[in-house]
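Take a look at the letters that make up each chain.
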Amino acid sequence: MKTKRQQSKDEYIATKSMTMIQAINDGMKTVLENDETTLILGEDIGKNGGVFRATDGLQEQFGEERVIDTPLSESGIIGASVGLAVNGFKPIAEIQFMGFIYPAYDQIMTHVSRIRMRTMGRFTVPMVIRAPYGAGVRAPEIHSDSAEALFTHMPGIKVICPATPFDAKGLFISAVEAPDPVLFMEPLHSYRSTREEVPTGHYTIEIGKGKRRIEGNDVTLISWGAMVPLAEKVAKQADAKGISCEVIDLRTLYPIDHDILAESVQKTGRAVVIHEAPRTGGLGNDVVSIINDTAFLYLKAPVERVTGFDVPVPLSSLENHYLPTPQRILTAIEKVMYF
Amino acid sequence: MKTKRQQSKDEYIATKSMTMIQAINDGMKTVLENDETTLILGEDIGKNGGVFRATDGLQEQFGEERVIDTPLSESGIIGASVGLAVNGFKPIAEIQFMGFIYPAYDQIMTHVSRIRMRTMGRFTVPMVIRAPYGAGVRAPEIHSDSAEALFTHMPGIKVICPATPFDAKGLFISAVEAPDPVLFMEPLHSYRSTREEVPTGHYTIEIGKGKRRIEGNDVTLISWGAMVPLAEKVAKQADAKGISCEVIDLRTLYPIDHDILAESVQKTGRAVVIHEAPRTGGLGNDVVSIINDTAFLYLKAPVERVTGFDVPVPLSSLENHYLPTPQRILTAIEKVMYF
Amino acid sequence: MEEYPLKQIIDEQGNLVDMQDRDRIHKELVENGYYHMYRIRTFDKKAKSLQRQGRIGTYPPFEGQEAAQVASALALDSDDWMFPTYRDHGAMLTFGADMVRTFLYWNGRVEGCVPPEGKRIFPAAVPIATQILHAVGASWAEKRKGTDHIAIAYFGDGATSEGDFHEGLNFAGVFQTPTILFNQNNGYAISVPFERQTNSKTIAQKAVAYDIPGARVDGNDFFAVYFEMQKAIKRARTGGGPTLIEAVTWRVGAHTTADDPTKYRSTEIGMDVVDPLIRMERFMKNYGFWDDAYIQKTHQQVEEEIESAVKAMESYSKANVEDMFDYVFAEPPKQLLEQRDSYLELLRGQ
Amino acid sequence: MEEYPLKQIIDEQGNLVDMQDRDRIHKELVENGYYHMYRIRTFDKKAKSLQRQGRIGTYPPFEGQEAAQVASALALDSDDWMFPTYRDHGAMLTFGADMVRTFLYWNGRVEGCVPPEGKRIFPAAVPIATQILHAVGASWAEKRKGTDHIAIAYFGDGATSEGDFHEGLNFAGVFQTPTILFNQNNGYAISVPFERQTNSKTIAQKAVAYDIPGARVDGNDFFAVYFEMQKAIKRARTGGGPTLIEAVTWRVGAHTTADDPTKYRSTEIGMDVVDPLIRMERFMKNYGFWDDAYIQKTHQQVEEEIESAVKAMESYSKANVEDMFDYVFAEPPKQLLEQRDSYLELLRGQ
Ligand SMILES: Cc1ncc(C[n+]2csc(CCOP(=O)(O)OP(=O)(O)O)c2C)c(N)n1
Ligand SMILES: Cc1ncc(C[n+]2csc(CCOP(=O)(O)OP(=O)(O)O)c2C)c(N)n1
Ligand SMILES: [Mg+2]
Ligand SMILES: [Mg+2]
């Protein structure tokens, strides 16, 4: 089996306006075309094209051998992927919703993330686990969890969470080409919310690098995934009030880009972290620590966190109260400004 | 079925010198005697008395109906406990080692922690999940994980981690009597390392309250479980160098006692957090955030964290390099002192 | 496997397969069965239409599974425990769940998880197969208390692939819990047909792995399900342990209102399955149970009940933000109370 | 269940059960079997004694399971995959694992997880039953590549209670992977006897749940295991899919050197089980395979190999702190490198 990814590497032949879900679909198409060791497996991803249509058309194009409907069995999907990966394939496993990744937690924690280390690199299990996450689309219970912190605390796996169609495809291809296992979190709320020009060919975006989405001087807003457009929106509102916000999209949640945080907070002296997951134990705390480590002397106010509350994501009638709101973020911005 | 716990409540009739494992065993005996709805279930906890002898003698005394050997099935143990708990029993479930709690993660995350909330209190599942955790006894792979951060980020369950025999028994009884589910982490490294006078009767220790183990003025050392004796030891070494350390034992990891942290760090202006789990995503980050929130203006140096490295716990020949060492802690203390 | 033949009491034309069963079938059972099947069918239709109009959220219809759900629920005693999935509100309604709250649930309201006082109905399990263990645990508790109450766990064909299915049945076998493991094999787990879910020809045969009784019944035959349930329940109540029942049925519609089954199954598939209500109707007509007046009254009564439930749902008090905070713990941490209070204050300030 | 009788080739006295099998048993197989059983038995003894002397860490002996481990491993081809548990270093050694590294593993050295170049031996799975899915995946990969290689998963009786056992066998059945699901039913999962692990009388019958072939063999009968393995392997190599084999054997000693079996089983229990090596020896003597000179040479060779392996283990270079950091990622994060570098600096400063 050969990889022919070189062939088309980074040739931005053409672009097309795509939603995030289209960009991810296109990313899968690209890797399935370029690397015949790749295969996609998961629940309802074949004929059905995925419950979000992420894999739409892929089984038709690449056949049942490469786009595989599995039994309803998350531990099975990940455990079998370990065996496939160690024996020459590059599985792209879909977990239908991130809230259903928990039954596979053992396989990810004790095997996916540890096999390279345990065998001193003799056996490796490069694979990508795709998982749509997050609240805000009135999905049933458990479907709306944001579980990144359960994986950023798991040495041996990288965690990516794009916020835009362009980043989604480029980071996805990087994830597939990475020699290490990657959890690829997809903000389902953003699947179809916007469009962007996305190259139709092969391109990559470096894992582990954040991106400054808006430049500003007074406060750094730090977020990822579905919270990025919210942060951008609030940054504009703050601007109208005379507060200049810099918006950082982390993009990779493990490893976090320390440099971009250090640089920005050293400049602004103030920071607000925004995420969906509950506050306690959330990744926001890691961001606070990084700022503590890298910008202590520059800080003009304690770092604020605007997050999901310390409750399970409620049923959909209350989910908008669970999620960070513009008002809560603005309040936090004002709090760090007028500390 | 009746609870007769009132009868003996907080009568410190007599004390006995106990190791932590004896204190926990005694705690189980106490609750089995006082509350006939309690039952213990887990792998090898019956005839065998547990792989650490935590349940030694209990099946003999209370019978196979109340001290139950289960199949090798962690999700089974927790899932069945949910059903038992919702129907009038108070299960005390043992997970043989914390590294084997992952197969039960789904049940804990989606049911144990959510049932009260989902049913507006109609159904509740008070239960205690006991799990020995931590490295340092040359156990085989996976046996040495410290997974507290996976549960402190899970709204709906409390997390306790005692450091001494006295606290272990008192907190255990509180956990059993609590109306909410509790994860009770036992530092296996401390099971037999010291003895202490422990009341033989019924007593409780309030959940959610930390304890100052050593008073000091220059630096606050914050830790829990097996790291507490280490912190105490290093505090003495630091003392010899003229640095006065205050040692805080969190005891409850969710909810963390904010007040004790705020008070101490407002006094010392410097803090070092010590824990076994990997640094990224570790509970140390929450502690940093709490200090950021409550003692920002008092801080004389960035908070330091001395933790397990961002690697899976290595095989036993290297585990002592993985764990925080006195030298690493001292270095951190000096770093915050001479920032 | 010949060990697990598909059991039927009435055939698709509504005729008794074995005339000896005639005596077991009384008017009350027939009318009860018909009433509940008609009731939940009407509920289901209404829910689908409300969803289309945006008046409730995503909804998983159970059309085609009415016989399995109603017969299994009617066979229970009121003190028994029910552990349903998201598709079993037909069974739940039959067993005494509140209809207004059932609508509320599909409108994203937590009130929908709360059963009427005294009713031992667990909220629907969304993570597949997890509820099986709860049923095992709850029925184990009954056994330990020395009662003869039992628990029923509902689950689909797809659920049999999950680890919790296995751990649940193994526990039930080892501890001989009074549990009915009630499978509705409706042919699909979202888009995956049963043949691709497992290599076994039946679900009933999976009982062999645990040496517990297994049975395979025509799940569209109200009486077959009912009598098989009775047998299993009797065994459970008298110390005979758990039973796995596979009720072979058919998901007529989409997985949920968000699903488009034309993506993965042709419209012809399943056309030959006789609707369980029609089958019941045929039986009633064949054997003299059909009474136009009763039927009309029933229909009218059901329609009124449903209309008034929809009204009640739609005029229900607004979702209460505090509920999100107040039921997580009996003894909530101070920080959670602070989060709550500051958010409520913010809302009030708006 | 009569469908899964215990298959034997030789009885406990070492006599052939069916004389027709005589022709299938050649000198090479006998000597190979004896050699490896003796070799791993001696290894096991040595390991226990090293543990007692504190020269290695906690150790899980496999005494009593030599026939099952050796026969299953010998039936494989060198290109096949092996997915063992912590108790299967007998099988691993037979299949080509390095003895020095095997000792190292039980001395807490990660080098013990690394098989010789080209050997497809996974490190022992510690979390019970998880490796079954890996074997299914790896053998599925072989099938997809169009080779005739297979994978074997080893697991104990206790492992059959875990969800991953079930999900693994279900996947194997659905995708018809060339996997041998090799169960050693040694009677105990630590302290829990098989009768309390599951309600089924056998493990073999659990194959029915997945409609895959199942077989129950006398796991102390080297030939029974070997021939059953051959049959299953042939089926797997030729597209016939997975097989579940239950090898009924006996854990003679403690679960691990940290375990005290007198807490939970009387010393009489299992006294009647004939040691698989003695059984082989009896067979060899009964049928003219016993050659004193060969035996003596074998014993001596094994003892020398083991002594030299112990020496090599004990003079092995010190555990390398950097290894803890360097193999977690192929592309390590900067922060991890910083952690590594500052710790190494600290160590150098000591
Ligand atoms: C653990 C888990 N994985 C995936 C899902 C998503 N999901 C919801 S329903 C369903 C199919 C269930 O099929 P089946 O058990 O046959 O029940 P049915 O829907 O047919 O009633 C899936 C995959 C889930 N809810 N839980
Ligand atoms: C998931 C998990 N739970 C618990 C353990 C602890 N444990 C180690 S071995 C063992 C018993 C295994 O029994 P069995 O499968 O029969 O294998 P045997 O030890 O008899 O070879 C247990 C409970 C573990 N390693 N993994
Ligand atoms: Mg189904
Ligand atoms: Mg065993």
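Cut-offs used in this document
Residues numbered from 1 in each chain as written. Chains lettered and ligands numbered in written order. Predicted model: local features only at pLDDT ≥ 70, side-chain atom pairs only at ≥ 80, totals over all residues. Heavy atoms only, no water. Helix = DSSP H or I, 4+ residues; strand = E, 2+ residues; numbered from the N terminus. Buried < 20%, exposed > 50% of the residue type's maximum accessible area, 1.4 Å probe, protein only. Contact = heavy atoms within 4.5 Å. Areas by Shrake-Rupley, 256 points an atom, 1.4 Å probe, with all protein chains shown as cover. Lys, Arg positive; Asp, Glu negative; His and termini not counted. Charge placed at Lys NZ, Arg CZ, Asp CG, Glu CD. Domains from an automatic or database assignment. Salt bridge = Lys/Arg side-chain N within 4 Å of Asp/Glu carboxyl O. Nonpolar A, V, L, I, M, F, W, Y, C, P; charged D, E, K, R; others polar. Near = heavy atom within 4 Å. Polar contact = N/O pair within 3.5 Å; in protein donor to acceptor, adjacent residues only side chain to side chain. Donors = N, O, S within 2.8 Å, 3.2 Å for Na, K, Ca; no water. Axes fitted to C-alpha atoms, helices over the stretch in contact; angles between N-to-C directions. Left-handed = near helix turned anticlockwise from the far one by under 90°. UniProt positions renumbered as here; feature names shortened; annotations may be inferred. Pairing = 2+ DSSP bridges. Buried area = accessible area lost by both parts, 1.4 Å probe.

Could you give an account of the overall build of chain A, naming the residues involved and the relevant values?
Counting its secondary structure elements, chain A contains 13 helices and 14 strands. With the principal axes as the frame, chain A shows a C-alpha extent of 60 × 45 × 40 Å. Within the span of chain A, comprising 339 residues, buried residues form 74% of the whole. Long-range pairs, those at least 24 residues apart, make up 83% of the contacts in chain A with a sequence separation of at least 6. Of the roughly 9,300 Å² that chain A leaves accessible, carbon and sulfur atoms contribute 47%. Positive and negative charge centroids in chain A, built from 35 and 42 side chains respectively, lie 2 Å apart.

Now, about the domain arrangement of chain A: what can you tell me, with residues and values included?
Residues and elements named next belong to chain A. For chain A, the assigned domains read domain 1 (2–199) and domain 2 (211–337). If you average the C-alpha positions of domain 1 and of domain 2, the two centres end up 26 Å apart. Contact residues are listed per partner, giving 28 residues for domain 1 and 25 residues for domain 2. In this structure, the connection of domain 1 to domain 2 is made through two salt bridges. R251 serves as the salt-bridge partner of D167, at 3.2 Å between the closest nitrogen and oxygen. Of all elements in the fold, only α7 (149–152), β6 (158–160), α8 (165–177) and β7 (182–187) reach the threshold of two or more residues within the side of domain 1 that touches domain 2. The element best represented in the side of domain 1 that touches domain 2 is β6, accounting for three residues. A per-class count over the side of domain 1 that touches domain 2 returns 14 nonpolar, eight polar and six charged.

I'd like a description of the domain arrangement of chain C, backed by residues and values.
One can read the domain layout of chain C as domain 1 (19–318) and domain 2 (320–350). For domain 1 of chain C and domain 2 of chain C, the distance between their C-alpha centres works out to 37 Å.

An account of the site of ligand 1 is needed here, citing residue identities and associated values.
Around ligand 1, a shell composed of 20 residues is seen, among which A:E74, C:Y86, C:R87, C:D157 and C:G158 lie nearest. More than one chain reaches ligand 1: the nearby residues come from chains A and C. Between ligand 1 and C:N186 there is a distance of 2.9 Å, counted from an oxygen atom to a side-chain nitrogen or oxygen. C:Y188 places a main-chain nitrogen or oxygen 2.8 Å from an oxygen atom of ligand 1. Look at ligand 1: alone it shows 580 Å² of surface, and the protein chains cover 96% of it. A per-class count over the shell around ligand 1 returns 10 nonpolar, five polar and five charged.

So, the coordination of the magnesium ion (ligand 4): which residues are in play, and what are the values?
Residues and elements named next belong to chain D. Within the protein, D157 (OD), N186 (OD1) and Y188 (O) serve as the donor atoms for the magnesium ion (ligand 4), at 2.0 to 2.1 Å. Here the donor residues of the magnesium ion (ligand 4) share one chain and are spaced in sequence as D-x28-N-x1-Y. For N186, a relative accessible area of 5% gives the class buried. Residue classification places Y188 among the buried positions, given a relative accessible area of 8%.

An account of the packing of helix α2 (residues 66–74) of chain C against helix α8 (residues 222–237) of chain C is needed here, citing residue identities and associated values.
Residue and element names in this part refer to chain C. Two elements in contact, α2 and α8, have axes separated by 8 Å at closest approach and are oriented at 30°. Handedness of the crossing formed by α2 with α8: right-handed. For the pair formed by α2 and α8, the contact residues are A67, A68, V70, A71, S72 and L74 on the first element and F222, V225, Y226 and M229 on the second. Along the lines of polarity and charge, the residues of the contact of α2 with α8 split into nine nonpolar, one polar and no charged.

An account of the UniProt feature "domain: Transketolase-like pyrimidine-binding" (unreviewed entry) in chain A is needed here, citing residue identities and associated values.
In the numbering used here, UniProt assigns the "domain: Transketolase-like pyrimidine-binding" (unreviewed entry) feature to residues 18–193 of chain A. The distance from the first to the last C-alpha atom of residues 18–193 of chain A is 11 Å, and the span holds 35% helix and 16% strand.

Residues and numbers for the sheet that holds strand β2 (residues 38–42) of chain A, please.
All names here are of chain A. With respect to topology, seven strands assemble into an open sheet ordered β3-β2-β4-β5-β7-β6-β12, the strand pairing being mixed. Two strands bound the open sheet, and with one partner strand each, they are β3 (67–69) and β12 (252–254). The mean inter-strand angle of the sheet, taken between neighbouring strand axes irrespective of direction, is 20°. Sheet topology places strand β4 (residues 90–94) next to strand β5 (residues 128–133); three bridges connect them, and they run parallel. Paired with A93 across the strands is I129, a residue of β5.

Please give an account of the coordination of the magnesium ion (ligand 3) that cites residues and values.
Only C:D157 (OD), C:N186 (OD1) and C:Y188 (O) from the protein reach the magnesium ion (ligand 3) as donors, at distances of 2.1 Å. Counting residues between consecutive donors of the magnesium ion (ligand 3) along the chain gives the motif D-x28-N-x1-Y.

Give a detailed account of the interface of chain D and chain A, specifying residues and quantitative values.
Listed per partner, the contact involves 43 residues of chain D and 46 residues of chain A. Note on chain D versus chain A: buried area summed over both sides is about 3,800 Å², and carbon and sulfur give 65% of it. For chain D, the biggest contributors to the area lost against chain A are D:R144, D:Y327 and D:F329; these three give 18% of the whole. Here chain D and chain A share two salt bridges between them. Across the pair A:R122 and D:E117 runs a salt bridge, and its minimum N-O distance is 3.5 Å. Sorting the residues of the side of chain D that touches chain A by element identifies α5 (130–145), α6 (163–175), α11 (321–326) and α12 (334–349) of chain D as the ones contributing at least two each. Examining the composition of the side of chain D that touches chain A, we find that 10 residues originate from one element, α5(D), more than from any other. For the side of chain D that touches chain A, a count of residues per class yields 25 nonpolar, six polar and 12 charged.

Tell me about the site of ligand 2, and name the residues and values.
Among the 20 residues in the neighbourhood of ligand 2, the closest are listed as B:E74, D:Y86, D:R87, D:D157 and D:Y188. Mapping the residues adjacent to ligand 2 onto the chains of the assembly identifies chains B and D. Measuring from an oxygen atom of ligand 2, one finds a side-chain N or O atom of D:Y86 at 2.7 Å. At a separation of 3.0 Å, an oxygen atom of ligand 2 approaches a polar backbone atom of D:A159. When ligand 2 is considered free in solution it has 580 Å² of accessible area, and contact with the protein chains removes 96% of it. A per-class count over the shell around ligand 2 returns 10 nonpolar, five polar and five charged.

Can you tell me about the sheet that holds strand β10 (residues 219–223) of chain A, naming the residues and giving the values?
Residues and elements named next belong to chain A. A sheet is described by the order of its strands in space; here five strands give the open sequence β9-β11-β10-β13-β14, paired in mixed fashion. What marks the edges here is a single partner per strand, and that holds for β9 (211–214) and β14 (304–308). The sheet shows a mean angle of 25° between the axes of neighbouring strands, direction not considered. With respect to the sheet, helix α13 (residues 326–337) is in contact with β10, β11 (245–249), β13 (271–278) and β14, its orientation differing from that of β14 by roughly 165°.

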